[in-house]
Amino acid sequence: MFLHYLELAWRNTLAAKGLSALMVLALGLGIGACMTTLTVYHVLSGDPIPHKSDRLFNVQLDAGDLIGWQAGQEPTFDLTRYDATALLRDRKAPRQVMSSGFNTSVGLPDGPAKPIFSSVRMTSADFFAMFDAPWAHGGGWSAADDEAEARVAVISASLNEKLFGGANSVGREVIVRGQPLRIVGVLKPWKVQPHFWDLTLGSYTETEDFYLPFSTAMALKMGHWGNMDCWGKGANGGSSLDLNASCSWVQYWVEFDKPEDAAAYRDYLVAYSEAQRKAGRFERPANVRLRNVMDWLGAQKVLPADVRLQTWLAFGFLAVCVVNMVGLLLAKTLRRSGEIGVRRALGATRGDIFRQFVVEAGMLGMAGALLGLLLAQGGLWLVRQSPNDYARLAELDAAMLALTLGLALLASLVAGLLPAWRAALVTPALQLKVQ
Amino acid sequence: MFKDLIPILSTLRRHRIAAGLIVLEVALTCAIVTNALHLIQTRIEALNTESGLAESEMAVLDLRGSKPQAPERSGAIAAEDVMRLRALPGVKAATVVNQIVYGNNSNNSGVSLEPDYKGTRVTAAQYAADEQMIPTFGLKLLEGRNFTPDEILDGFQAFSVADPVIGQLIINKVMADKLFPGRSAVGQRVYVFGRSPSTVIGVVETLTHTQLHRVRGGDGSGTAMILPLRGGGSYVLRAAPDQLDRVIKAATASLEAVDPTRVVTRARSVPQMRAGFYAQDRAMAWLMGGVCVSLLLVTAMGIVGLASFWVQQRTRMIGTRRALGATERQILRYFQLENLLLTTTGIVIGLGAAWALSQLLMQSYALPRLPWVYLPAGAVSLWLLGQLAVWVPARRAARLSPVAALRS
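Calculation rules
- Residues numbered from 1 in each chain as written.
- Chains lettered and ligands numbered in written order.
- Predicted model: local features only at pLDDT ≥ 70, side-chain atom pairs only at ≥ 80, totals over all residues.
- Helix = DSSP H or I, 4+ residues; strand = E, 2+ residues; numbered from the N terminus.
- Rg over C-alpha atoms; globule rule 2.2 N^0.38 Å.
- Buried ≥ 20, exposed ≤ 12 C-beta atoms within 10 Å, placed from the backbone.
- Contact = placed C-beta atoms within 7 Å.
- Nonpolar A, V, L, I, M, F, W, Y, C, P; charged D, E, K, R; others polar.
- Expected span 1.5 Å × (residues − 1).
- Pairing = 2+ DSSP bridges.
- Axes fitted to C-alpha atoms, helices over the stretch in contact; angles between N-to-C directions.

**Student:** What is the right way to look at the overall build of chain A in this model?
**Tutor:** Tallying secondary structure elements over chain A gives 14 helices and 12 strands in all. For 435 residues, the compact-globule estimate of 2.2 N^0.38 gives 22 Å, and chain A exceeds it by more than 25% at 31 Å. Based on the C-alpha atoms only, the size of chain A along its principal axes is roughly 100 × 55 × 35 Å. With 435 residues in all, chain A has 43% of them scored as buried. The long-range share in chain A, meaning contacts at least 24 apart out of those at least 6 apart in sequence, stands at 77%.

Written out as structure tokens, the structure is:
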């Protein structure tokens with residue numbers, strides 16, 4: 001029966017070519033616009049580390065001074081080097097990581113004249129295990145290396161490609177700021193979006209190319225890229241990266257075995273803040289934040305407001321397209337009242353007529369979906385040409401493909417219900433008499 | 001003409017669903033298009049913001065070394081480099097500055113009228129450069145004077161003491177008006193880094209925050225100041241627009257030749273930087289525009305489709321009326337009036353929805369209120385659209401020969 005309905009639908013579509021084409025075009029446009037924006041939304045609002053995002057927590061302490069301070073405001077964005085070092089020393093969580101960003105040239109002892117500038121993450125031993133870094137060769141460094149300012153480094157797949165042609169470079173030396181460092185690990189290509197462990201260099205920047213112990217980076221007198229807030233005496237005549245500078249620029253993350261452990265850690269952070277206040281280092285009342293990955297991304301408003309706005313706009317557009325399709329389908333259906341009358345007189349039930357017209361709407365919907373898919377691919381191509389830092393991420397995946405088809409079918413069925421119902425209401429006697 | 005009104009209303013009453021759909025479509029389109037046009041307008045306004053600089057004549061070069069450089073040397077190195085750049089043919093002026101408009105850096109400092117951050121306080125964009133900044137940027141001095149070469153301090157030395165002493169500074173007009181309303185700012189004292197006062201020696205007209213309307217640091221009011229400090233930063237050149245590309249190449253070669261371990265990592269003209277800075281706004285405006293056009297097209301298609309259907313359905317009625325003496329013009333008017341009625345209903349509902357949507361956008365996205373002119377503009381454009389869309393089917397109806405129409 002379904003096949004028969006499909007055949008009828010096909011014939012009717014051909015009979016009203018112009019009107020059918022109009023409907024498919026309008027639906028395709030609506031679906032295409034929706035899928036383009038939804039895909040961007042989906043990619044940008046995704047969970048960067050799904051299986052443990054509820055166990056990874058960002059730490060904020062309020063180390064700022066009282067000038068311009070208001071109760072209830074967000075604490076300073078990053079940690080000071082002093083506090084991050086102190087928390088790391090206490091080791092109150094199964095894993096903890098302090099880190100910050102930089103960019104430096106990396107060369108070989110006898111390498112090319114033009115140095116390769118690479119993004120740097122200065123961090124501590126747990127970083128790779130906490131964020132699930134994929135290893136191609138070797139591994140990370142140990143907490144003892146952190147203590148000893150060991151001259152070790154981990155490099156990304158792409159830097160390994162540039163420096164060593166992709167060979168296993170564990171044990172080789174690189175020159176950074178005039179000093180030799182030994183490579184202990186090489187990563188596989190590693191994509192993490194958003195770049196959640198440090199949002200201050202752009203929310204969707206790529207993972208870093210060069211990793212080394214925080215202590216080593218300080219010993220090499222590396223600088224800092226990213227956000228930095230200073231207060232009071234700030235650098236106090238020295239460098240703002242000094243242990244005792246009143247500047248916050250270090251990101252701090254902890255991992256627990258289960259999400260519930262966060263409460264105990266929060267108590268520890270409050271106790272730490274109070275102790276610092278007693279010692280005269282902190283001036284503000286204890287004001288800590290401990291947010292898991294998704295809460296952190298939400299609080300920092302990582303999803304660009306434009307993207308959300310575009311998505312709403314596209315859905316408004318789809319709504320207009322669906323209303324439009326209802327109107328056109330209705331016109332097309334009522335034009336065929338005579339034919340419906342004949343079919344009803346020959347014994348078709350109201351249900352038969354209803355089903356036939358729903359199938360017809362569904363067929364138009366699938367055609368609209370295919371057109372929409374093409375348009376969405378075109379739309380995403382356009383998005384990728386735009387110069388945002390997230391533009392290159394806009395790709396249609398299997399889930400979004402299924403959603404496209406589902407959305408189109410749903411939209412066309414919703415649009416088809418009313419006309420099909422009206423068709424089923426046609427009274428055979430009246431139609432035949434008019435004829 | 002208005003005697004048609006009664007038959008139209010009675011026809012529409014019989015086709016309540018189809019009529020309702022047209023009204024709904026027009027209303028939705030009206031609500032979305034007015035707000036989208038307003039969004040486009042806000043983006044275009046942002047695109048036209050004046051930076052106050054001689055943009056078309058400026059270029060920016062970023063230089064990096066692969067070997068660590070002693071920070072106490074950076075001021076001296078910058079001074080030598082700038083001397084070299086000024087000697088290049090075609091270069092009108094050159095300087096090293098800590099930040100530049102459309103760039104990624106943003107330095108801001110609190111400035112107060114009393115020592116130790118007390119009294120009236122503003123947060124200002126903090127530029128640090130030598131006396132060549134004003135000619136290089138093409139800034140206009142409204143009052144006072146520029147720095148003299150011997151007032152320029154070495155940035156590293158100035159900040160290597162706990163209480164930096166910076167004797168003079170230049171502020172922009174916004175800051176002058178804010179700190180010293182109704183009096184001249186020149187000669188006044190302000191405090192930037194604690195206890196030592198700095199004297200305002202000049203006021204420049206327009207000098208913006210580097211991130212303009214996307215300010216994250218600073219207080220967003222547009223206050224900015226220039227400190228007479230020499231240190232590391234971006235190299236900024238000024239040359240005639242047609243010479244700019246050549247000068248960028250010459251400057252790159254000259255800077256890299258001095259020390260082979262240094263690399264010019266980025267060399268761009270300020271118009272290029274501006275285009276990059278506004279790319280997102282421009283893309284958004286295009287997208288909104290595209291959606292508006294598609295929406296209007298889809299709505300027009302809907303009107304054409306339904307009107308054609310009605311014409312076909314009423315062929316016999318049209319034939320009767322024509323046979324009874326109605327002119328082609330009257331038939332045309334009939335369908336036009338019908339469309340006017342439907343679109344007007346849609347527009348009235350749509351304008352209400354547009355207003356509600358704008359309230360929602362104001363709350364959720366901190367967008368400015370929809371100016372009222374958009375409402376009549378949206379109404380007029382949808383009226384026109386409706387009349388245009390109904391023209392083809394209405395004319396077909398009017399051209400029907402009465403005999404053929406009655407026989408069908």
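That shown, we press on.
**Student:** Can you walk me through unusual backbone geometry in this structure?
**Tutor:** Among all residues save glycine, negative phi is the norm, and among peptide bonds the norm is trans. Here the residue pair Gln 193 of chain A and Pro 194 of chain A is connected by a cis peptide bond, since its omega of -10 degrees sits within 30 degrees of zero. With respect to the helices, strands and loops of the structure, Pro 194 of chain A is situated in the loop between strand S8 (179–187) and strand S9 (210–213). Not every positive phi belongs to a glycine, and Lys 221 of chain A is a case in point at roughly 55 degrees. Counting through the fold element by element, Lys 221 of chain A comes out in the loop between helix H7 (214–219) and strand S10 (229–230). Although it is not a glycine, Tyr 102 of chain B sits at a positive phi angle of roughly 70 degrees. Summarising the element assignment, Tyr 102 of chain B is placed in the loop between strand S2 (91–97) and strand S3 (108–114).

**Student:** Please explain the interface of chain B and chain A as it appears in this structure.
**Tutor:** How big an interface is tends to be stated in terms of the accessible area lost upon association of its parts. Residue-level contacts link 39 residues of chain B with 40 residues of chain A. Elements that contribute at least two residues to the side of chain B that touches chain A include exactly helix H2 (16–47), strand S12 (262–269) and helix H8 (270–313) of chain B. Looking at the side of chain B that touches chain A, the element that brings in the most residues is H8 of chain B, giving 17 residues. In terms of residue class, the side of chain B that touches chain A is built from 25 nonpolar, 11 polar and three charged.

**Student:** Would you explain the environment of Arg 195 of chain B in this entry?
**Tutor:** Note on placement: Arg 195 of chain B falls in the loop between strand S8 (189–191) and strand S9 (197–204). Residues contacting Arg 195 of chain B, with those up to four places away along its chain left out, are Pro 115, Asp 116 and Asp 163 of chain B.

**Student:** Would you mind going over helix H8 (residues 262–278) of chain A with me for this structure?
**Tutor:** For the α-helix, the turn length of 3.6 residues means that residues three or four positions removed from each other point alike. Between the first and last C-alpha of H8 of chain A there are 24 Å, a value that for 17 residues agrees with the 24 Å anticipated at 1.5 Å per step. A positive backbone phi angle near 90 degrees is found at Gly 280 of chain A, which sits one or two residues after H8 of chain A.

**Student:** How should I be thinking about the sheet that holds S12 of chain B in this particular structure?
**Tutor:** Note on sheets: strands pair through backbone hydrogen bonds, and any given pair is parallel or antiparallel. Residues and elements named next belong to chain B. The sheet built from four strands is open, its strands ordered S2-S11-S1-S12 with antiparallel pairing. Every other strand in the sheet has two partners, leaving S2 and S12 as the edge strands with one partner each. For this sheet, the mean angle separating the axes of adjacent strands, direction not counted, is 20 degrees. In the sheet, strand S1 (residues 58–65) pairs with S12 via seven bridges, with the strands oriented antiparallel. Opposite Leu 63, over in S12, you have Val 264 as the bridge partner. Sheet strands in contact with helix H3 (residues 74–87) are S2 and strand S11 (234–239), and its direction is about 165 degrees off that of S2. Across the sheet, H8 is in contact with S1 and S12; its angle to S12 comes to roughly 75 degrees.

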